[in-house]
Amino acid sequence: MSRDILQLLTPDQAETVKTLLMGDTATPTRQYPDETVLHVGAYIFPKYDPVQLADVPNKSSRLMRAIRAKARNTVGLGYDIVPDARLEHDMAPADYETFRHEADDLYGLFDQLNAEQDLSEVLESWSIDEEVTGDGWIEFVQDRAGVIRRGYHAPSRSMRISTRISTAGNRLLLQIRAGMARIRYFRPFGDPTTVNPETGEPNPALPWNLRASQMIHTRVYVPDDDWYGAPRWIACLPGILSTRLGQEWNLAYIRNAANTPFAAILEGGSLSAESRQTISGMLDREAKGARNAGRAILLEPELSGGSPALAATTKIRIEKIGIGTQEDGSFLKLRSVEVEEVREAMGIPLMLLGTFTDANKSNAVIALRVAVQQEFEPEIQRIEGRLNRTVVRARGARFARLRLRRPKILDPLQDASVVQKLMTAYTLNELRQIAADLRGERYYPSDTPLADVPMGFFRNPQDLEVVEHIVGQITDAVQDRTARGAEVYKVNGDGGTLLPPEFDRVVPFRRKETP
């Protein structure tokens with residue numbers, strides 16, 4: 001748009017015109033961010049230290065099991081490239097061909113997202129990080145032409161939100177290593193600013209291979225932090241640490257407690273110097289640990305004056321000792337409460353933690369269905385939406401969309417029974433997708449228009465073949481008529497009399513209007 005025209009308008013009018021022509025794509029929020037957590041240095045200080053949070057799952061086997069189960073059932077089961085559901089029913093045969101090219105392009109990216117991982121592996125590492133620290137980070141690297149070529153998981157314990165703001169108005173992202181000795185800046189995904197990754201300063205003259213790459217930041221939202229997320233299990237932290245202390249107590253008891261189940265009491269005499277030294281050494285070194293449990297000791301009495309009369313009255317009595325038994329430090333009930341708290345916080349059924357107490361097929365299927373509907377499916381849709389709005393769109397895909405595979409609730413026989421009952425409501429493409437899911441294969445839709453017609457429309461399979469044959473004949477006839485019409489148009493350039501009026505409805509070009 002010419003600057004001269006904009007200068008004739010008031011500032012408000014010029015802004016309105018630019019918004020109408022270019023779209024309202026860069027309008028920032030009018031809210032004030034919470035700046036009470038701004039760090040005095042290079043980054044915004046998180047409420048919970050990610051380094052300390054990353055160590056908590058090492059203290060609880062149940063927590064780590066729940067986190068891995070959540071990640072595996074949301075992003076770790078594989079993926080497919082499918083037509084956009086909003087456009088699929090309006091796609092022409094040429095659009096299906098475009099979709100196939102887009103799908104091949106996205107599979108080529110996602111199947112080898114980096115030298116060691118595909119998309120599922122990167123997403124699983126990202127999901128584990130998000131569940132452990134409340135934040136997940138994925139880096140995407142572009143080539144010289146600005147096309148995304150690689151993607152990498154970035155450990156959340158090293159990532160922060162920078163205090164620097166790009167020229168596009170977004171806060172840069174920051175990775176710190178070795179304290180603050182090594183710093184690397186990243187752009188939020190979609191930010192067009194050319195940034196120096198070492199300094200965070202904008203520099204449009206940087207070569208493409210020295211520019212800061214893009215980073216997607218996701219978080220588990222909490223209302224008391226405008227910048228970072230928090231793990232879902234944060235309220236369970238006291239129980240997790242208490243259980244860990246109980247386990248360490250038991251370990252310390254076995255290592256340090258004196259394993260002396262009985263005492264030998266000498267009456268009518270005194271111990272010899274050798275016996276006293278033996279007892280002292282045993283209590284210090286040999287009466288501790290599992291290997292020395294129940295060990296006995298030999299006591300030799302020393303008779304006063306060596307009188308034979310005293311020898312007859314000297315005796316050793318054995319007394320049982322019940323002080324400090326191992327049961328006092330077992331903490332079994334505390335561990336049971338911790339497991340239940342973690343399971344509820346993560347929304348994980350008990351059987352996914354490897355526990356099948358009081359479980360049968362009926363209540364196991366119900367528990368899994370509730371988890372899929374209330375926990376897994378919303379997370380899957382959130383991740384799908386984020387990747388489709390960013391990476392898939394950045395690759396130029398118009399018809400193709402990423403679809404993450406869902407956990408299966410029913411066994412194959414139950415799946416087949418459901419499909420059989422709903423056969424008349426399914427389309428051919430839907431049945432092809434179900435079959436691909438059951439076999440663990442990739443789904444490619446059929447480009448015939450009949451593939452989107454419910455199967456109940458046909459009385460028997462032969463009807464499908466007959467209708468498809470008729471549609472094929474009609475398509476061939478239209479293409480032949482279009483070709484013949486094009487030849488006539490070339491010979492008779494004015495096109496006014498040799499073509500019938502309805503020809504406009506079948507040829508892909510318009511006739512010249514007769515003056």
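Refer to the structure printed above.
Residues numbered from 1 in each chain as written. Predicted model: local features only at pLDDT ≥ 70, side-chain atom pairs only at ≥ 80, totals over all residues. Heavy atoms only, no water.

Focus on helix α6 (residues 119-133)
Three- or four-residue spacings in an α-helix give side chains the same orientation, since the helix completes a turn every 3.6 residues. Put simply, the test is: Numbering goes from the N terminus for both helices and strands, where a helix is a DSSP run of H or I of at least four residues and a strand is a run of E of at least two. Residue count minus one, scaled by 1.5 Å, sets the expected span of a helix. Each residue is placed in one exposure class: buried if its accessible area under a 1.4 Å probe, protein chains only, is under 20% of its type's maximum, exposed if it is over 50%, and partly exposed if it falls in between. Polar contact is the term for a pair of N or O atoms within 3.5 Å; when the atoms are in protein, one must be able to donate a hydrogen and the other to accept it, and sequence-neighboring residues count only if both atoms are side-chain atoms.
Compared with the 21 Å implied by 1.5 Å per residue over 15 residues, the 21 Å span of α6 between its first and last C-alpha is a close match. Buried residues dominate α6, accounting for 12 of its 15 residues. When we look at burial in α6, the residues that qualify are L119, S120, V122, L123, W126, S127, I128, D129, E130, E131, V132 and T133. In this structure D118 caps α6, since a side-chain oxygen of it lies 3.2 Å from the backbone nitrogen of S120.

Some details on the pattern of salt bridges
Threshold: Whenever a carboxyl oxygen of Asp or Glu lies within 4 Å of a side-chain nitrogen of Lys or Arg, that contact is scored as a salt bridge.
Inspection of every chain in the model, using the stated rule, returns 17 salt bridges. With a closest N to O distance of 3.0 Å, R184 and E198 form a salt bridge. Note that R184 is positioned in strand β7 (residues 182-188) and E198 in the loop between β7 and β8 (214-219), a separation of 14 residues in sequence. Accessibility expressed as a relative area gives 36% for R184, which makes it partly exposed. Accessibility expressed as a relative area gives 47% for E198, which makes it partly exposed.

Some remarks on empty space enclosed by the protein
What counts here: The way it works is a 1 Å grid over only the protein atoms, where trapped points that fit a 1.4 Å probe form a cavity and open points with protein on both sides within 12 Å along at least five of seven lines form a pocket, and then any residue with an atom within 4 Å of a point lines it. Grid points are joined across faces, edges and corners, and a volume is the space filled by probe spheres set on the points. Only Asp, Glu, Lys and Arg are considered charged, only Ala, Val, Leu, Ile, Met, Phe, Trp, Tyr, Cys and Pro nonpolar, and every remaining residue, Gly among them, polar.
One pass over the structure, following the stated rule, counts two cavities of 30 Å³ or more. Put simply, the largest cavity is a space of about 90 Å³. Lining of the largest cavity is provided by P46, K47, Y48, P50, L53, T133, D135, W137, S156, M159, Y228 and G229. Those elements that provide at least two residues to the lining of the largest cavity are α3 (50-55) and β3 (135-142). Taken together, the residues that form the lining of the largest cavity break down as seven nonpolar, three polar and two charged.

Here's the deal with the sheet that holds strand β6 (residues 171-177)
This is how the line gets drawn: Being paired, for any two strands, means DSSP has found at least two bridges between them. Residues are treated as being in contact if the distance between any of their heavy atoms lies within 4.5 Å. Note on method: axes are straight lines fitted to C-alpha atoms, helices fitted across the in-contact stretch only, with angles between N-to-C directions ranging 0 to 180 degrees.
With respect to topology, seven strands assemble into an open sheet ordered β1-β5-β6-β7-β8-β3-β4, the strand pairing being mixed. At either margin of the open sheet sits one strand with a lone partner, and together these are β1 (43-44) and β4 (148-153). Bridge count for β6 against β7 is five bridges, and the pairing is antiparallel. Note that in β7 the partner of R177 across the bridge is R182. Strands β3, β4 and β8 of the sheet are contacted by α6, whose axis makes an angle of about 145 degrees with β3.

Details of the nonpolar core
How we decide: What makes a nonpolar core is a set of buried Ala, Val, Leu, Ile, Met, Phe, Trp, Tyr and Cys residues whose side-chain atoms join them at distances within 4.5 Å.
In this structure, I81, F110, L123, F140, V391, L402 and L404 are the most contacted members of the largest nonpolar core, which totals 31 residues. Going through the elements one at a time, β2 (79-83), α5 (93-110), α6, β3, α11 (361-394) and β13 (400-404) are the ones with two or more residues in this core. In terms of residue count, the dominant contributor to this core is α5 (seven residues). Contact partners of F140, with chain neighbours within four places excluded, come to L113, I148, R150, G151, F189, S213, Q214, I216 and V391. Core analysis: the next-biggest nonpolar cluster, separate from the first, contains 21 residues, L53, V56, V342 and L353 among them.

What to know about the pairing of β4
For β3 and β4, the ladder comprises five bridges, and the chain directions are antiparallel. Of the residues in β4, the one forming a bridge with I138 is H153.

Focus: the packing of helix α4 (residues 61-75) against α6
Threshold: Throughout, the term roughly parallel applies to angles under 35 degrees, roughly antiparallel to angles over 145, roughly perpendicular to angles from 65 to 115, and oblique to all others. Put simply, a crossing is left-handed when the front helix is turned counterclockwise from the back one by less than a right angle, and right-handed when it is turned clockwise.
Running from amino to carboxyl end, α4 crosses α6 at an angle of 135 degrees, the nearest separation of the two axes being 9 Å. The orientation of α4 relative to α6 falls into the category oblique. At the point where α4 passes α6, the crossing takes the right-handed sense. Between α4 and α6, the residues in contact are M64, I67, R68, K70, A71, R72, T74 and V75 and S120, L123, E124, W126, S127, I128, E131 and V132, respectively.

Focus on the packing of aromatic side chains
We apply this condition: Note on aromatic pairs: the rings of Phe, Tyr and Trp (six-membered ring only in Trp) are paired at centre separations within 6.5 Å, and the planes decide the class, stacked below 30 degrees, edge-to-face beyond 60, tilted for the rest. Cation placement over rings: the criterion is NZ of Lys or CZ of Arg within 6 Å of the ring centroid and within 35° of the ring normal.
Throughout the structure, instances matching the rule amount to three aromatic pairs. Note on Y43 and F45: the rings are 6.4 Å apart at their centroids and 20 degrees apart in plane angle, and the pair reads as stacked. Judged by relative accessible area, Y43 falls into the buried class, the value being 10%. Here F140 and F189 contribute two aromatic rings whose centre-to-centre distance is 5.9 Å and whose plane-to-plane angle is 85 degrees, an arrangement assigned as edge-to-face. Of this pair, F140 sits in strand β3 while F189 sits in the loop between β7 and β8, placing them 49 residues apart in sequence. Accessibility expressed as a relative area gives 2% for F140, which makes it buried. The cationic tip of R160 hangs over the ring face of Y43; the distance from NZ or CZ to the ring centre is 5.6 Å.

Purely geometric numbers; function is a separate question.
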